[in-house]
Amino acid sequence: MAREDDLQYTAEHEWVDAADGVATVGITVYASERLGDVVYVDLPSVGDDVQAGAVIGEIESTKSVAELFSPVSGTVLEVNAAVVGSPELVNADPLGDGWLLKVGYTELPGLLTLTDYQALTKD
Amino acid sequence: MTDAPSRPELRRSPLHDLHVAAGAAFTDFAGWQMPVRYTSDLAEHAAVRSAAGLFDLSHMGEILVVGPQAGEALDSALSGRMSALAERQAKYTLLLSERGGIVDDLVVYRTGADRYLVVANASNRRTVAAELRARTEGFDALVEDESDEIGLIALQGPRSLEILQNLEGLTVGDDAVPGPPLEDALAQLGYYRALPAEFLGRRALIARTGYTGEDGFEIFTSPENLRPLWQGLLETGAGAGLVPAGLAARDTLRLEAGMPLYGHELGLTTLPSQAGLARTVVLKDKGDFVGRAAIESGAAADEESIFSGRVLAGLTAEGKRAGRAGYAVYDTGEGGTRVGVVTSGALSPTLGHPIAMAYIDPEVATPGTQLFLDVRGTRLPATVSSLPFYTRKGE
(Lines give C-alpha, C1' and ligand atoms only; values in the text may rest on other atoms or scores of the structure.)
Protein backbone atom coordinates (compact mmCIF):
# COMPACT_ATOMS: atom_id res chain seq x y z
CA MET A 1 0.00 0.00 0.00
CA ALA A 2 1.62 3.19 -1.18
CA ARG A 3 0.00 5.39 1.46
CA GLU A 4 1.38 3.23 4.27
CA ASP A 5 4.91 3.61 2.88
CA ASP A 6 4.63 7.40 2.81
CA LEU A 7 3.64 7.76 6.46
CA GLN A 8 5.67 7.86 9.66
CA TYR A 9 4.63 6.11 12.86
CA THR A 10 4.80 6.14 16.65
CA ALA A 11 5.10 3.24 19.08
CA GLU A 12 1.68 4.35 20.38
CA HIS A 13 0.15 3.26 17.06
CA GLU A 14 -0.38 6.65 15.47
CA TRP A 15 0.51 7.54 11.93
CA VAL A 16 1.81 10.95 10.92
CA ASP A 17 1.68 12.57 7.50
CA ALA A 18 4.03 15.55 7.87
CA ALA A 19 4.56 18.19 5.22
CA ASP A 20 5.10 21.95 5.19
CA GLY A 21 4.82 22.33 8.96
CA VAL A 22 1.50 20.48 9.21
CA ALA A 23 1.25 16.97 10.69
CA THR A 24 -1.92 15.04 9.95
CA VAL A 25 -2.44 12.36 12.62
CA GLY A 26 -4.52 9.19 12.78
CA ILE A 27 -4.32 5.71 14.23
CA THR A 28 -2.87 2.75 12.36
CA VAL A 29 -4.74 -0.08 10.70
CA TYR A 30 -3.24 -2.38 13.33
CA ALA A 31 -4.58 -0.20 16.16
CA SER A 32 -8.04 0.12 14.61
CA GLU A 33 -8.25 -3.65 14.21
CA ARG A 34 -7.07 -4.25 17.75
CA LEU A 35 -9.59 -1.78 19.18
CA GLY A 36 -12.61 -3.14 17.36
CA ASP A 37 -15.50 -0.92 16.42
CA VAL A 38 -14.75 2.65 17.46
CA VAL A 39 -17.83 4.28 19.00
CA TYR A 40 -16.49 7.51 20.49
CA VAL A 41 -13.59 9.83 19.74
CA ASP A 42 -12.51 12.62 22.10
CA LEU A 43 -10.16 15.11 20.44
CA PRO A 44 -8.50 18.37 21.57
CA SER A 45 -9.85 21.73 20.40
CA VAL A 46 -8.50 23.82 17.57
CA GLY A 47 -5.91 26.21 19.00
CA ASP A 48 -4.81 23.88 21.82
CA ASP A 49 -1.08 23.58 22.32
CA VAL A 50 0.02 19.96 22.45
CA GLN A 51 3.28 18.32 23.49
CA ALA A 52 4.81 15.29 21.78
CA GLY A 53 4.08 12.20 23.89
CA ALA A 54 1.29 13.81 25.90
CA VAL A 55 -2.25 12.39 26.02
CA ILE A 56 -4.50 14.59 23.88
CA GLY A 57 -7.59 12.46 23.45
CA GLU A 58 -9.34 9.14 23.77
CA ILE A 59 -10.63 6.54 21.37
CA GLU A 60 -13.32 4.24 22.71
CA SER A 61 -14.46 1.03 21.13
CA THR A 62 -17.23 -1.24 22.36
CA LYS A 63 -14.59 -3.23 24.23
CA SER A 64 -11.94 -0.78 25.39
CA VAL A 65 -10.54 2.72 25.68
CA ALA A 66 -7.26 3.81 24.10
CA GLU A 67 -5.48 7.06 24.81
CA LEU A 68 -4.41 9.22 21.91
CA PHE A 69 -0.88 10.61 22.22
CA SER A 70 0.34 13.61 20.29
CA PRO A 71 3.19 12.53 18.02
CA VAL A 72 4.47 16.10 17.66
CA SER A 73 4.61 19.34 19.63
CA GLY A 74 2.68 22.27 18.25
CA THR A 75 -0.76 23.80 17.87
CA VAL A 76 -3.95 22.00 16.83
CA LEU A 77 -4.99 23.50 13.48
CA GLU A 78 -7.95 21.29 12.66
CA VAL A 79 -9.86 18.31 14.04
CA ASN A 80 -11.81 15.90 11.87
CA ALA A 81 -15.45 16.75 12.60
CA ALA A 82 -16.57 13.86 10.39
CA VAL A 83 -14.86 11.37 12.71
CA VAL A 84 -16.41 12.94 15.81
CA GLY A 85 -19.85 12.51 14.25
CA SER A 86 -19.12 9.11 12.69
CA PRO A 87 -16.43 7.35 14.74
CA GLU A 88 -16.81 4.24 12.54
CA LEU A 89 -14.69 6.10 9.95
CA VAL A 90 -11.67 5.19 12.09
CA ASN A 91 -12.33 1.51 11.29
CA ALA A 92 -13.53 2.00 7.74
CA ASP A 93 -10.59 4.11 6.57
CA PRO A 94 -8.02 4.64 9.33
CA LEU A 95 -5.35 6.07 7.01
CA GLY A 96 -7.76 8.22 5.00
CA ASP A 97 -11.17 9.60 5.99
CA GLY A 98 -10.55 8.38 9.54
CA TRP A 99 -7.78 10.93 10.19
CA LEU A 100 -8.11 12.62 13.58
CA LEU A 101 -6.36 15.99 13.69
CA LYS A 102 -3.82 18.32 12.10
CA VAL A 103 -1.06 19.85 14.20
CA GLY A 104 1.10 22.78 13.16
CA TYR A 105 4.71 22.08 14.18
CA THR A 106 8.10 23.74 13.87
CA GLU A 107 10.24 20.68 14.47
CA LEU A 108 9.45 17.03 13.85
CA PRO A 109 10.60 14.53 16.47
CA GLY A 110 12.12 11.20 15.48
CA LEU A 111 9.35 8.93 14.19
CA LEU A 112 9.26 5.33 13.01
CA THR A 113 9.35 4.14 9.43
CA LEU A 114 6.81 1.60 8.22
CA THR A 115 9.43 -1.14 8.53
CA ASP A 116 10.22 -0.13 12.13
CA TYR A 117 6.56 0.02 13.00
CA GLN A 118 5.76 -3.33 11.42
CA ALA A 119 8.62 -4.91 13.36
CA LEU A 120 7.06 -3.50 16.52
CA THR A 121 3.62 -4.93 15.86
CA LYS A 122 4.70 -8.32 14.57
CA ASP A 123 3.27 -10.97 16.88
CA MET B 1 -2.34 -0.38 23.88
CA THR B 2 -0.27 -3.33 24.99
CA ASP B 3 0.73 -6.06 22.64
CA ALA B 4 0.71 -9.47 24.23
CA PRO B 5 3.04 -11.82 22.40
CA SER B 6 1.26 -14.82 20.99
CA ARG B 7 1.37 -17.67 23.47
CA PRO B 8 1.75 -21.08 21.88
CA GLU B 9 0.47 -22.83 25.01
CA LEU B 10 -3.00 -21.33 24.50
CA ARG B 11 -5.60 -23.89 23.52
CA ARG B 12 -7.37 -23.61 20.21
CA SER B 13 -10.87 -24.55 19.21
CA PRO B 14 -11.39 -27.35 16.66
CA LEU B 15 -12.79 -24.54 14.49
CA HIS B 16 -9.68 -22.35 14.80
CA ASP B 17 -8.57 -22.50 11.16
CA LEU B 18 -12.11 -21.71 10.00
CA HIS B 19 -12.05 -18.61 12.21
CA VAL B 20 -8.67 -17.60 10.78
CA ALA B 21 -10.00 -18.07 7.25
CA ALA B 22 -13.01 -15.90 8.16
CA GLY B 23 -10.64 -13.10 9.18
CA ALA B 24 -11.24 -13.33 12.93
CA ALA B 25 -9.27 -11.36 15.50
CA PHE B 26 -8.51 -13.47 18.54
CA THR B 27 -8.37 -12.88 22.26
CA ASP B 28 -6.91 -14.88 25.12
CA PHE B 29 -9.81 -16.12 27.17
CA ALA B 30 -9.38 -18.47 30.12
CA GLY B 31 -6.40 -20.20 28.49
CA TRP B 32 -8.05 -20.35 25.07
CA GLN B 33 -7.46 -18.38 21.94
CA MET B 34 -10.99 -17.54 20.85
CA PRO B 35 -12.46 -15.20 18.21
CA VAL B 36 -13.18 -11.77 19.68
CA ARG B 37 -14.70 -10.58 16.39
CA TYR B 38 -14.75 -11.58 12.74
CA THR B 39 -15.36 -8.30 10.95
CA SER B 40 -17.19 -5.86 13.21
CA ASP B 41 -18.48 -6.47 16.73
CA LEU B 42 -21.29 -3.95 16.18
CA ALA B 43 -22.41 -5.73 12.99
CA GLU B 44 -22.25 -9.11 14.74
CA HIS B 45 -24.24 -7.74 17.66
CA ALA B 46 -26.87 -6.30 15.30
CA ALA B 47 -27.07 -9.57 13.35
CA VAL B 48 -27.97 -11.47 16.54
CA ARG B 49 -30.68 -8.94 17.40
CA SER B 50 -32.20 -8.86 13.90
CA ALA B 51 -31.32 -12.21 12.28
CA ALA B 52 -28.87 -14.68 13.82
CA GLY B 53 -25.28 -15.18 14.96
CA LEU B 54 -23.18 -18.29 15.46
CA PHE B 55 -20.81 -18.53 18.43
CA ASP B 56 -17.99 -21.01 19.01
CA LEU B 57 -18.17 -21.96 22.68
CA SER B 58 -15.52 -24.68 22.59
CA HIS B 59 -13.91 -23.18 25.67
CA MET B 60 -16.88 -23.89 27.95
CA GLY B 61 -16.62 -26.78 30.40
CA GLU B 62 -18.91 -29.81 30.20
CA ILE B 63 -19.01 -32.09 33.22
CA LEU B 64 -21.19 -35.19 33.45
CA VAL B 65 -22.69 -36.44 36.71
CA VAL B 66 -24.02 -39.94 36.31
CA GLY B 67 -25.50 -42.51 38.68
CA PRO B 68 -28.61 -43.53 40.62
CA GLN B 69 -28.02 -40.70 43.12
CA ALA B 70 -26.81 -38.07 40.63
CA GLY B 71 -29.75 -35.75 41.38
CA GLU B 72 -29.36 -35.94 45.17
CA ALA B 73 -25.60 -35.51 44.80
CA LEU B 74 -26.09 -32.31 42.80
CA ASP B 75 -28.70 -31.07 45.29
CA SER B 76 -26.05 -31.21 48.01
CA ALA B 77 -23.43 -29.59 45.79
CA LEU B 78 -25.42 -26.76 44.16
CA SER B 79 -27.82 -23.99 45.20
CA GLY B 80 -30.80 -25.33 43.25
CA ARG B 81 -32.84 -28.51 43.34
CA MET B 82 -31.54 -30.56 40.45
CA SER B 83 -33.39 -33.73 41.53
CA ALA B 84 -36.64 -31.89 40.74
CA LEU B 85 -35.70 -31.35 37.08
CA ALA B 86 -37.66 -33.31 34.51
CA GLU B 87 -35.67 -35.21 31.94
CA ARG B 88 -34.58 -32.87 29.13
CA GLN B 89 -35.06 -29.85 31.38
CA ALA B 90 -32.29 -27.35 32.17
CA LYS B 91 -31.75 -25.00 35.11
CA TYR B 92 -29.51 -22.02 35.79
CA THR B 93 -27.86 -22.63 39.17
CA LEU B 94 -24.88 -21.72 41.34
CA LEU B 95 -21.94 -23.51 42.91
CA LEU B 96 -21.48 -21.74 46.25
CA SER B 97 -18.58 -21.58 48.66
CA GLU B 98 -18.99 -22.42 52.37
CA ARG B 99 -19.29 -18.64 52.91
CA GLY B 100 -22.09 -18.34 50.38
CA GLY B 101 -19.94 -16.72 47.68
CA ILE B 102 -20.29 -17.75 44.05
CA VAL B 103 -17.66 -20.25 42.84
CA ASP B 104 -19.34 -20.44 39.43
CA ASP B 105 -22.67 -20.05 37.72
CA LEU B 106 -23.81 -23.10 35.78
CA VAL B 107 -26.47 -24.44 33.50
CA VAL B 108 -27.40 -27.99 34.46
CA TYR B 109 -29.26 -30.25 32.03
CA ARG B 110 -30.97 -33.45 33.11
CA THR B 111 -30.19 -35.63 30.11
CA GLY B 112 -31.59 -38.89 31.54
CA ALA B 113 -33.07 -40.42 34.67
CA ASP B 114 -29.57 -40.89 36.11
CA ARG B 115 -27.63 -38.37 34.00
CA TYR B 116 -26.85 -34.69 34.26
CA LEU B 117 -24.72 -32.40 32.13
CA VAL B 118 -23.17 -29.46 34.00
CA VAL B 119 -21.94 -26.57 31.85
CA ALA B 120 -19.30 -24.43 33.56
CA ASN B 121 -17.40 -21.28 32.64
CA ALA B 122 -14.10 -22.01 30.90
CA SER B 123 -12.01 -20.45 33.65
CA ASN B 124 -13.75 -22.55 36.32
CA ARG B 125 -13.95 -25.89 34.58
CA ARG B 126 -11.33 -27.64 36.73
CA THR B 127 -12.52 -26.04 39.96
CA VAL B 128 -16.11 -27.05 39.25
CA ALA B 129 -15.13 -30.64 38.38
CA ALA B 130 -12.98 -30.92 41.52
CA GLU B 131 -15.67 -29.38 43.75
CA LEU B 132 -18.37 -31.62 42.32
CA ARG B 133 -16.19 -34.68 42.91
CA ALA B 134 -15.48 -33.66 46.50
CA ARG B 135 -19.07 -32.69 47.25
CA THR B 136 -20.64 -35.82 45.78
CA GLU B 137 -18.45 -38.30 47.62
CA GLY B 138 -20.66 -40.75 49.49
CA PHE B 139 -23.35 -40.59 46.80
CA ASP B 140 -23.80 -43.27 44.18
CA ALA B 141 -22.77 -40.93 41.36
CA LEU B 142 -19.71 -40.40 39.19
CA VAL B 143 -18.33 -37.03 38.06
CA GLU B 144 -16.58 -36.99 34.69
CA ASP B 145 -15.00 -33.88 33.16
CA GLU B 146 -15.93 -34.40 29.51
CA SER B 147 -14.95 -30.90 28.35
CA ASP B 148 -12.44 -32.27 25.85
CA GLU B 149 -14.95 -34.76 24.44
CA ILE B 150 -17.90 -32.38 24.05
CA GLY B 151 -17.96 -29.37 21.75
CA LEU B 152 -20.49 -26.53 21.95
CA ILE B 153 -21.75 -23.86 19.59
CA ALA B 154 -24.59 -21.41 20.04
CA LEU B 155 -27.02 -20.28 17.34
CA GLN B 156 -28.70 -17.11 18.60
CA GLY B 157 -31.19 -14.66 17.18
CA PRO B 158 -34.80 -14.43 15.97
CA ARG B 159 -34.13 -16.49 12.83
CA SER B 160 -32.33 -19.32 14.68
CA LEU B 161 -35.32 -21.65 14.62
CA GLU B 162 -35.87 -21.53 10.86
CA ILE B 163 -32.14 -21.96 10.22
CA LEU B 164 -31.91 -25.03 12.43
CA GLN B 165 -35.10 -26.44 10.92
CA ASN B 166 -33.48 -26.26 7.49
CA LEU B 167 -30.14 -27.77 8.49
CA GLU B 168 -29.40 -30.83 6.40
CA GLY B 169 -28.12 -33.87 8.28
CA LEU B 170 -29.92 -33.07 11.51
CA THR B 171 -32.41 -35.58 12.90
CA VAL B 172 -34.15 -35.65 16.25
CA GLY B 173 -34.67 -38.60 18.54
CA ASP B 174 -31.96 -40.92 19.69
CA ASP B 175 -31.17 -44.60 19.25
CA ALA B 176 -33.93 -46.45 17.43
CA VAL B 177 -36.78 -44.31 18.71
CA PRO B 178 -38.13 -42.15 15.88
CA GLY B 179 -39.08 -38.69 17.08
CA PRO B 180 -41.58 -36.22 15.63
CA PRO B 181 -40.56 -34.37 12.45
CA LEU B 182 -37.55 -32.13 13.04
CA GLU B 183 -39.40 -28.92 12.26
CA ASP B 184 -42.09 -29.59 14.86
CA ALA B 185 -39.73 -30.90 17.50
CA LEU B 186 -37.58 -27.77 17.30
CA ALA B 187 -40.55 -25.39 17.17
CA GLN B 188 -42.06 -27.07 20.23
CA LEU B 189 -38.84 -27.15 22.20
CA GLY B 190 -39.44 -24.91 25.22
CA TYR B 191 -37.04 -22.42 26.79
CA TYR B 192 -34.51 -24.23 28.97
CA ARG B 193 -35.48 -27.58 27.45
CA ALA B 194 -33.18 -29.92 25.54
CA LEU B 195 -33.67 -32.41 22.77
CA PRO B 196 -31.48 -35.42 21.92
CA ALA B 197 -30.58 -35.36 18.24
CA GLU B 198 -28.13 -36.64 15.70
CA PHE B 199 -26.09 -34.66 13.23
CA LEU B 200 -24.50 -36.62 10.40
CA GLY B 201 -25.15 -39.77 12.41
CA ARG B 202 -23.37 -38.54 15.51
CA ARG B 203 -25.02 -37.73 18.80
CA ALA B 204 -25.92 -34.16 19.57
CA LEU B 205 -27.95 -32.36 22.22
CA ILE B 206 -29.97 -29.31 21.19
CA ALA B 207 -30.96 -26.93 23.98
CA ARG B 208 -33.14 -23.83 23.81
CA THR B 209 -30.76 -21.78 25.91
CA GLY B 210 -28.40 -18.89 25.35
CA TYR B 211 -26.64 -15.82 26.65
CA THR B 212 -27.79 -13.05 24.33
CA GLY B 213 -31.36 -12.18 25.30
CA GLU B 214 -32.64 -13.59 22.00
CA ASP B 215 -34.32 -16.84 21.07
CA GLY B 216 -31.77 -19.44 20.12
CA PHE B 217 -30.17 -22.80 20.59
CA GLU B 218 -27.02 -24.25 22.05
CA ILE B 219 -25.83 -27.45 20.40
CA PHE B 220 -23.51 -29.96 22.03
CA THR B 221 -21.76 -32.57 19.92
CA SER B 222 -18.37 -34.24 19.59
CA PRO B 223 -15.46 -31.91 18.73
CA GLU B 224 -15.01 -33.77 15.41
CA ASN B 225 -18.63 -33.10 14.53
CA LEU B 226 -18.40 -29.41 15.39
CA ARG B 227 -16.75 -28.49 12.12
CA PRO B 228 -19.43 -29.82 9.72
CA LEU B 229 -22.08 -28.46 12.08
CA TRP B 230 -20.52 -24.98 12.05
CA GLN B 231 -20.09 -24.97 8.29
CA GLY B 232 -23.53 -26.46 7.67
CA LEU B 233 -25.23 -23.85 9.83
CA LEU B 234 -23.38 -20.94 8.22
CA GLU B 235 -24.28 -22.24 4.77
CA THR B 236 -27.93 -22.87 5.70
CA GLY B 237 -28.31 -19.52 7.45
CA ALA B 238 -26.43 -17.26 5.04
CA GLY B 239 -29.61 -16.23 3.23
CA ALA B 240 -31.31 -15.47 6.56
CA GLY B 241 -28.46 -13.18 7.65
CA LEU B 242 -26.56 -15.60 9.90
CA VAL B 243 -22.97 -14.52 10.60
CA PRO B 244 -20.26 -15.90 12.88
CA ALA B 245 -20.06 -13.76 16.01
CA GLY B 246 -17.22 -13.29 18.47
CA LEU B 247 -16.81 -12.80 22.20
CA ALA B 248 -17.04 -9.00 21.90
CA ALA B 249 -20.59 -9.20 20.56
CA ARG B 250 -21.43 -11.93 23.08
CA ASP B 251 -20.40 -9.58 25.89
CA THR B 252 -22.46 -6.57 24.72
CA LEU B 253 -25.45 -8.84 23.99
CA ARG B 254 -25.45 -10.39 27.46
CA LEU B 255 -24.92 -6.99 29.06
CA GLU B 256 -27.98 -5.52 27.32
CA ALA B 257 -29.92 -8.60 28.44
CA GLY B 258 -28.82 -7.97 32.05
CA MET B 259 -27.10 -11.34 32.31
CA PRO B 260 -24.25 -11.52 34.82
CA LEU B 261 -20.76 -12.65 33.83
CA TYR B 262 -18.54 -14.62 36.16
CA GLY B 263 -15.53 -12.54 37.17
CA HIS B 264 -17.46 -9.32 36.66
CA GLU B 265 -20.87 -9.48 38.37
CA LEU B 266 -20.30 -12.83 40.09
CA GLY B 267 -17.47 -14.11 42.24
CA LEU B 268 -16.43 -15.56 45.58
CA THR B 269 -17.03 -12.22 47.33
CA THR B 270 -20.63 -11.79 46.13
CA LEU B 271 -23.67 -13.50 47.62
CA PRO B 272 -26.43 -14.66 45.25
CA SER B 273 -28.88 -12.19 46.81
CA GLN B 274 -26.55 -9.26 46.06
CA ALA B 275 -26.45 -10.33 42.40
CA GLY B 276 -30.24 -10.58 42.19
CA LEU B 277 -29.98 -14.38 42.09
CA ALA B 278 -31.76 -15.26 45.34
CA ARG B 279 -34.31 -17.21 43.27
CA THR B 280 -31.58 -19.70 42.32
CA VAL B 281 -30.97 -20.59 45.98
CA VAL B 282 -33.58 -23.11 47.13
CA LEU B 283 -33.92 -23.24 50.91
CA LYS B 284 -37.35 -24.88 51.07
CA ASP B 285 -37.89 -28.54 50.14
CA LYS B 286 -34.18 -29.11 50.06
CA GLY B 287 -31.65 -30.51 52.50
CA ASP B 288 -28.20 -29.22 53.29
CA PHE B 289 -25.90 -27.94 50.59
CA VAL B 290 -22.58 -26.16 50.57
CA GLY B 291 -23.18 -22.50 51.40
CA ARG B 292 -26.61 -22.98 52.94
CA ALA B 293 -25.63 -22.09 56.52
CA ALA B 294 -23.84 -18.94 55.36
CA ILE B 295 -26.78 -17.83 53.22
CA GLU B 296 -29.20 -18.37 56.12
CA SER B 297 -26.95 -16.40 58.48
CA GLY B 298 -27.13 -13.37 56.17
CA ALA B 299 -23.40 -12.68 56.65
CA ALA B 300 -21.33 -11.14 53.86
CA ALA B 301 -19.21 -13.53 51.82
CA ASP B 302 -16.27 -11.18 52.34
CA GLU B 303 -16.59 -8.02 54.46
CA GLU B 304 -13.43 -6.56 52.93
CA SER B 305 -14.79 -6.71 49.39
CA ILE B 306 -15.85 -3.52 47.58
CA PHE B 307 -19.06 -5.43 46.79
CA SER B 308 -19.84 -6.10 50.44
CA GLY B 309 -23.27 -4.75 51.46
CA ARG B 310 -23.96 -3.57 47.91
CA VAL B 311 -26.43 -4.81 45.33
CA LEU B 312 -26.25 -5.25 41.59
CA ALA B 313 -28.13 -2.60 39.63
CA GLY B 314 -28.31 -1.20 36.14
CA LEU B 315 -27.12 2.28 35.23
CA THR B 316 -28.00 4.17 32.06
CA ALA B 317 -26.46 7.40 30.82
CA GLU B 318 -26.70 9.86 27.96
CA GLY B 319 -24.03 10.57 25.39
CA LYS B 320 -21.46 8.10 24.18
CA ARG B 321 -18.92 7.63 26.99
CA ALA B 322 -19.43 4.38 28.84
CA GLY B 323 -18.60 3.51 32.41
CA ARG B 324 -16.41 0.42 32.42
CA ALA B 325 -15.45 -2.31 34.86
CA GLY B 326 -13.74 -0.84 37.92
CA TYR B 327 -15.00 2.74 37.52
CA ALA B 328 -16.31 4.34 40.71
CA VAL B 329 -19.93 5.43 41.22
CA TYR B 330 -20.64 8.57 43.28
CA ASP B 331 -23.79 10.12 44.71
CA THR B 332 -22.96 13.65 43.57
CA GLY B 333 -21.31 15.35 40.63
CA GLU B 334 -18.48 16.68 42.80
CA GLY B 335 -17.05 15.43 46.09
CA GLY B 336 -19.73 13.36 47.74
CA THR B 337 -19.51 9.70 48.64
CA ARG B 338 -18.41 6.72 46.65
CA VAL B 339 -21.53 4.55 46.56
CA GLY B 340 -20.46 1.76 44.25
CA VAL B 341 -18.38 0.32 41.45
CA VAL B 342 -19.07 -0.65 37.85
CA THR B 343 -18.63 -4.34 36.96
CA SER B 344 -19.46 -4.19 33.22
CA GLY B 345 -20.26 -1.33 30.90
CA ALA B 346 -20.48 -0.40 27.25
CA LEU B 347 -22.13 1.94 24.82
CA SER B 348 -25.20 -0.21 24.12
CA PRO B 349 -25.17 -1.05 20.41
CA THR B 350 -28.95 -1.65 20.38
CA LEU B 351 -30.05 1.27 22.57
CA GLY B 352 -27.41 3.78 21.44
CA HIS B 353 -26.59 5.06 24.93
CA PRO B 354 -24.19 3.90 27.65
CA ILE B 355 -25.31 1.10 29.97
CA ALA B 356 -23.54 -0.49 32.91
CA MET B 357 -24.02 -2.98 35.66
CA ALA B 358 -22.68 -1.89 39.03
CA TYR B 359 -22.68 -2.90 42.67
CA ILE B 360 -24.12 0.06 44.57
CA ASP B 361 -25.31 0.83 48.09
CA PRO B 362 -28.91 -0.39 48.61
CA GLU B 363 -29.96 3.14 49.73
CA VAL B 364 -29.30 4.48 46.23
CA ALA B 365 -30.44 1.41 44.27
CA THR B 366 -34.03 2.47 43.60
CA PRO B 367 -34.62 2.80 39.85
CA GLY B 368 -34.66 6.46 38.82
CA THR B 369 -32.04 7.51 41.37
CA GLN B 370 -29.52 9.94 39.91
CA LEU B 371 -25.89 8.91 40.42
CA PHE B 372 -22.56 9.80 38.81
CA LEU B 373 -19.98 7.67 37.04
CA ASP B 374 -16.33 8.60 37.36
CA VAL B 375 -15.22 8.19 33.75
CA ARG B 376 -11.47 8.66 33.96
CA GLY B 377 -11.73 11.75 36.14
CA THR B 378 -14.95 13.20 34.72
CA ARG B 379 -18.22 12.65 36.60
CA LEU B 380 -20.99 11.82 34.19
CA PRO B 381 -24.63 11.57 35.33
CA ALA B 382 -26.19 8.11 35.27
CA THR B 383 -29.62 6.88 36.29
CA VAL B 384 -30.29 3.67 38.22
CA SER B 385 -32.30 1.37 35.99
CA SER B 386 -33.91 -2.00 36.47
CA LEU B 387 -32.42 -4.96 34.60
CA PRO B 388 -32.49 -6.06 31.85
CA PHE B 389 -31.82 -3.02 29.67
CA TYR B 390 -33.13 -4.85 26.63
CA THR B 391 -36.02 -7.30 26.28
CA ARG B 392 -36.79 -8.89 22.96
CA LYS B 393 -40.09 -8.24 21.26
CA GLY B 394 -42.91 -10.55 22.21
CA GLU B 395 -41.75 -10.92 25.81
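Residues numbered from 1 in each chain as written. Chains lettered and ligands numbered in written order. Predicted model: local features only at pLDDT ≥ 70, side-chain atom pairs only at ≥ 80, totals over all residues.

## So, the overall build of chain B
- Looking only at helices and strands, chain B features nine helices and 21 strands.
- Relative to the 2.2 N^0.38 estimate, which gives 21 Å for 395 residues, the radius of gyration of chain B is 21 Å and therefore close to what a compact globule would have.
- Dimensions along the principal axes, computed over C-alpha positions, put chain B at roughly 70 × 50 × 45 Å.
- In chain B, buried positions account for 48% of the 395 residues.
- Within chain B, contacts between residues separated by at least 24 positions form 66% of all contacts whose residues are at least 6 apart in sequence. (Helix = DSSP H or I, 4+ residues; strand = E, 2+ residues; numbered from the N terminus. Rg over C-alpha atoms; globule rule 2.2 N^0.38 Å. Buried ≥ 20, exposed ≤ 12 C-beta atoms within 10 Å, placed from the backbone. Contact = placed C-beta atoms within 7 Å.)

## So, the overall build of chain A
- Helix and strand counts for chain A stand at five helices and nine strands.
- Each helix (α) and strand (β) of chain A, taken in turn from the N terminus, gives the series α-β-β-β-α-β-β-β-β-β-α-α-β-α.
- Computed over the C-alpha atoms, the radius of gyration of chain A is 13 Å, within 12% of the 14 Å expected from 2.2 N^0.38 for a compact globule of 123 residues.
- The C-alpha extent of chain A, read off along each of the three principal axes, is 35 × 30 × 25 Å.
- Out of the 123 residues belonging to chain A, those deemed buried represent 43%.
- Taking the intrachain contacts of chain A between residues at least 6 apart in sequence as the baseline, contacts between residues at least 24 apart amount to 62%.

## Structural notes on the pairing of strand β4 (residues 52–56) of chain B
Residue and element names in this part refer to chain B.
- A large share of β4 lies buried, amounting to five of its five residues.
- Side-chain alternation along β4 places Ala52, Leu54 and Asp56 on one buried face and Gly53 and Phe55 on a second face that is also buried.
- Bridge count for β4 against strand β15 (residues 242–244) is three bridges, and the pairing is parallel. Paired with leucine 54 across the two strands is proline 244, which belongs to β15. (Pairing = 2+ DSSP bridges.)

## Points about the nonpolar core
Residues and elements named next belong to chain B.
- With 138 residues, the main nonpolar core has Val65, Val118, Ile153 and Leu155 as its most contacted residues.
- Residue contributions to this core reach at least three from each of two domains, namely domain 1 (11–60 + 150–256) and domain 2 (310–385).
- Residues contacting valine 65, with those up to four places away along its chain left out, are Ala70, Ala73, Leu74, Tyr116, Val118, Leu132, Thr136, Ala141 and Val143.
- Counting five residues, the second-largest nonpolar core is a separate cluster that includes Leu271, Val281, Ala300 and Ala301. (Core = buried A, V, L, I, M, F, W, Y, C linked by C-beta atoms within 7 Å. Domains from an automatic or database assignment.)

## Side note on the sheet that holds strand β11 (residues 170–172) of chain B
Residues and elements named next belong to chain B.
- If you trace the seven strands from one edge of the open sheet to the other, you get β11-β12-β13-β14-β10-β4-β15, paired in mixed fashion. Each edge of the sheet is formed by a strand with only one pairing partner; in this case those strands are β11 and β15. Each neighbouring strand pair of the sheet contributes to a mean axis angle of 25°, computed without reference to strand direction.
- Judged from the four bridges that link them, strand β13 (residues 202–207) and strand β14 (residues 216–221) form a sheet pairing that is antiparallel. Bridging across to β14, alanine 207 finds its partner in glutamate 218.
- Strands in contact with helix α7 (residues 223–237) are β4, β10 (151–156), β12 (194–199), β13, β14 and β15; relative to β10, the strand with the most contacts, it is inclined by about 15°. (Axes fitted to C-alpha atoms, helices over the stretch in contact; angles between N-to-C directions.)

## Focus: the interface of chain B and chain A
- Taken together, the contacts link 18 residues of chain B with 15 residues of chain A.
- Counting only elements with at least two residues in the side of chain B that touches chain A, the list comes to α2 (41–50), α8 (247–256) and β18 (338–347) of chain B.
- The class makeup of the residues in the side of chain B that touches chain A is nine nonpolar, three polar and six charged. (Nonpolar A, V, L, I, M, F, W, Y, C, P; charged D, E, K, R; others polar.)

## As for the domain arrangement of chain B
Residues and elements named next belong to chain B.
- In terms of domains, chain B is made up of domain 1 (11–60 + 150–256) and domain 2 (310–385).
- The straight-line distance from the C-alpha centre of domain 1 to that of domain 2 is 33 Å.
- Contributions of two or more residues to the side of domain 1 that touches domain 2 are made by α2 and α8.
- Of all the elements, α2 adds the most residues to the side of domain 1 that touches domain 2, at four residues.
- Counted by class, the side of domain 1 that touches domain 2 contains three nonpolar, two polar and two charged residues.

## Overview of the environment of B:Val65
- Mapped onto the elements, B:Val65 comes out in strand β5 (residues 61–66).
- Along the backbone, B:Val65 and B:Thr136 are 71 residues apart, and their C-alpha atoms lie at a distance of 9.3 Å.

## Points about the pairing of strand β2 (residues 14–19) of chain A
- The sheet contact formed by strand β1 (residues 8–9) of chain A and β2(A) spans two bridges and is antiparallel. Pairing of A:Tyr9 across the sheet is with A:Trp15, part of β2(A).

## Thoughts on the confidence of the model for chain B
- Predicted confidence across chain B gives a mean pLDDT of 95, with 96% of residues reaching 70 or more.
- Reported confidences for the modelled complex are a pTM of 0.93 and an ipTM of 0.84. (pLDDT = per-residue confidence, 0-100.)

## Let's talk about α7(B)
Residue and element names in this part refer to chain B.
- Between its first and last C-alpha atoms α7 spans 21 Å; for 15 residues at 1.5 Å apiece the expected length is 21 Å, and the two agree.
- Taken together, the buried positions of α7 are Asn225, Leu226, Leu229, Trp230, Leu233, Thr236 and Gly237. Projected down its long axis, α7 carries its buried residues within an arc of 140°, all on one side. More than 90 degrees from the buried face of α7, the exposed residues found are Glu224, Gln231 and Glu235. (Expected span 1.5 Å × (residues − 1). Arc of directions from axis to C-beta.)

## With respect to the sheet that holds strand β6 (residues 55–61) of chain A
All names here are of chain A.
- Taken in spatial order, the three strands of this open sheet run β4-β6-β7, and their pairing is antiparallel. Each having just a single partner strand, β4 (38–42) and β7 (65–69) make up the two edges of the open sheet. Mean inter-strand twist for the sheet, computed between neighbouring axes without regard to direction, equals 20°.
- With five bridges joining them, β6 and β7 adopt antiparallel strand pairing. Each bridged residue has a counterpart across the sheet, and for glycine 57 the counterpart in β7 is leucine 68.

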